[in-house]
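Chain and residue survey
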Amino acid sequence: MNLIPLPAFQDNYLWLLHDGQRALVVDPGDAGPVQSYLDANGLQLDAILVTHHHPDHIGGVDALREATGARVWGPARERIPEPLTRLADGDRIEVLGLPFEVLDVPGHTAGHIAYFCPGFQGAPLLFCGDTLFSAGCGRLFEGTPRQMFDSLSRLAGLPGTTRVCCTHEYTLGNLEFATAVEPGNTQLIHYRQQCEARRSRGEPTLPSTIALENQVNPFLRASQPAVTRAAHGFNGADPADPVAVFAALRQWKNEFR
Ligand code: ZN
Ligand code: FE
């Protein structure tokens, strides 16, 4: 099996998984890069997995379905191009012989879902759409801080070895913010250097892992004293209330330059 982040638009990754013959793609916002990769590698597209309804995640679904006959799966409660099989929390599907479990992770959008594969070449795999980014998280377009906090807490509780396939290359910008929140986090400083080197070589910073995100991502660290102090300094958030701390961090990041 090969796990490939196909770059699209400014900073999206369309994640493609294939075994040399058959492929699945997650959130194909643009059919072009996917079709080119399939053609260049002689692959049959079996499946399209969709996490949420934003155009940069579904724009290529119709064209790819028509060109390849791929089956489409997506969230139960969002407007996604039909026909598709709708999924909600706890549903299990098998794609390319791999089991995937569906997690409801509302917050970025109201019906956002994630796909978790418990075992794939020795470690779990997570396709989390725009919920979790490396060192960051999605904006709250349709959900409350409480919902997003709960969704992120669920993802943070997955096995540490889980590879996290985020759909945007926002890592360096997120790390700049994370460093402003936690300037004394040595793992964060080290990770930032690694990511800067990767980007200067033109390489993706992803996939990340859950263990790493728990160490460097301020949005998963709303109970850490350094983070609660910083959030309190930003807007007076109650350090004992992780949801208030999370909401402060999200607002701070929205305004961060
Ligand atoms: Zn989105
Ligand atoms: Fe997106």
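The coordinates are above.
First, a word on what this report is: a plain description of the structure on this page.

Cut-offs applied
- Residues numbered from 1 in each chain as written.
- Chains lettered and ligands numbered in written order.
- Predicted model: local features only at pLDDT ≥ 70, side-chain atom pairs only at ≥ 80, totals over all residues.
- Heavy atoms only, no water.
- Helix = DSSP H or I, 4+ residues; strand = E, 2+ residues; numbered from the N terminus.
- Rg over C-alpha atoms; globule rule 2.2 N^0.38 Å.
- Buried < 20%, exposed > 50% of the residue type's maximum accessible area, 1.4 Å probe, protein only.
- Contact = heavy atoms within 4.5 Å.
- Areas by Shrake-Rupley, 256 points an atom, 1.4 Å probe, with all protein chains shown as cover.
- Lys, Arg positive; Asp, Glu negative; His and termini not counted.
- Charge placed at Lys NZ, Arg CZ, Asp CG, Glu CD.
- Pairing = 2+ DSSP bridges.
- Axes fitted to C-alpha atoms, helices over the stretch in contact; angles between N-to-C directions.
- Arc of directions from axis to C-beta.
- Donors = N, O, S within 2.8 Å, 3.2 Å for Na, K, Ca; no water.
- Tetrahedral: all angles 85-135°; square planar, octahedral: opposite > 155°, others 65-115°.
- 1 Å grid on protein atoms, 1.4 Å probe; cavity = no way out; pocket = protein on both sides within 12 Å on 5 of 7 lines; lining within 4 Å.
- Points joined across faces, edges and corners; volume = space filled by probe spheres on them.
- Nonpolar A, V, L, I, M, F, W, Y, C, P; charged D, E, K, R; others polar.

Regarding the overall build of the chain
Assigned secondary structure in the chain consists of 9 helices and 14 strands. The C-alpha radius of gyration of the chain comes to 18 Å, within 12% of the 18 Å expected for a compact globule of 257 residues. Each principal axis of the C-alpha atoms in the chain carries an extent, and together these give about 55 × 40 × 35 Å. Per-residue burial over the chain gives 53% buried out of 257 residues. Here the analysis covers contacts within the chain between residues at least 6 apart in sequence; of these, 57% occur between residues at least 24 apart. Summing over all exposed atoms, the chain offers an accessible surface of approximately 10,500 Å²; the carbon and sulfur share of this is 49%. Taken together, the 20 basic and 28 acidic charged side chains of the chain have centroids lying 4 Å from each other.

A few points about the sheet that holds strand 2 (residues 12-18)
Judged by pairing direction, the sheet is mixed, and its 6 strands sit side by side in the order 1-2-3-4-5-6 without closing on themselves. The two strands at the open ends of the sheet, each matched to only one other strand, are strand 1 (2-8) and strand 6 (85-87). Each strand of the sheet is rotated relative to its neighbour by a mean of 25°, with strand direction disregarded. Where strand 5 (residues 71-75) lies against strand 6, 3 bridges are found, and the strand directions are parallel. Bridged to W73 within strand 6 is T85.

Comments concerning helix 1 (residues 31-41)
When we look at burial in helix 1, the residues that qualify are A31, V34, Y37 and L38. Burial along helix 1 is one-sided: seen end-on, the buried residues are contained in an arc of 140°. For helix 1, the exposed residues set more than 90 degrees away from the buried face come down to D39 and A40. The secondary structure elements touched by the buried residues of helix 1 are strand 1, strand 2, strand 3 (22-26), strand 4 (44-49) and helix 3 (61-68). One or two steps after helix 1, the chain reaches G42, where phi turns positive at roughly 60°.

Observations regarding the coordination of the zinc ion (ligand 1)
Protein ligation of the zinc ion (ligand 1) involves H52 (NE2), H54 (ND1), H108 (NE2) and D130 (OD), the donor distances falling in the range 2.2 to 2.3 Å. Every donor counted, the 4 donor atoms about the zinc ion (ligand 1) form angles of 86 to 171° at the centre, which fits irregular coordination. Binding-site remark: the zinc ion (ligand 1) is held by donors from one chain whose sequence spacing is H-x1-H-x53-H-x21-D. Here the zinc ion (ligand 1) and the iron ion (ligand 2) are spaced 3.3 Å apart, and both take D130 as a donor.

Some thoughts on the coordination of the iron ion (ligand 2)
Note on the iron ion (ligand 2): its protein donors are D56 (OD), H57 (NE2), D130 (OD) and H168 (NE2). The metal-donor distances range over 2.1 to 2.4 Å. Because the angles between the 4 donor atoms bound to the iron ion (ligand 2) fall within 86 to 165°, the donor set is best described as irregular. Given a relative accessible area of 4%, D130 falls into the buried group.

Thoughts on the layout of surface pockets
A volume near 430 Å³ is recorded for the largest pocket. Elements supplying a minimum of two residues to the lining of the largest pocket: helix 5 (171-181) and helix 9 (242-255). When its residues are assigned to classes, the lining of the largest pocket shows 5 nonpolar, 7 polar and 8 charged.

Things to note about unusual backbone geometry
The step from E82 to P83 runs through a cis peptide bond, and the omega angle for that step is -5°. The topology assignment puts P83 in the loop between strand 5 and strand 6. The omega torsion across L206 and P207 is 0°, close enough to zero to call that bond cis. As for its placement among the helices and strands, P207 is situated in the loop between helix 6 (186-200) and strand 14 (208-209). The phi dihedral of Q121 is positive, around 50°, even though this residue is not glycine. Position of Q121 relative to the elements: it lies in the loop between strand 9 (113-120) and strand 10 (123-127). The residue A135 is not glycine, and still its phi comes out positive at about 65°. Structurally, A135 is set in the loop between strand 11 (132-133) and strand 12 (136-137). According to the relative accessible area criterion, A135 is buried, its value standing at 0%.

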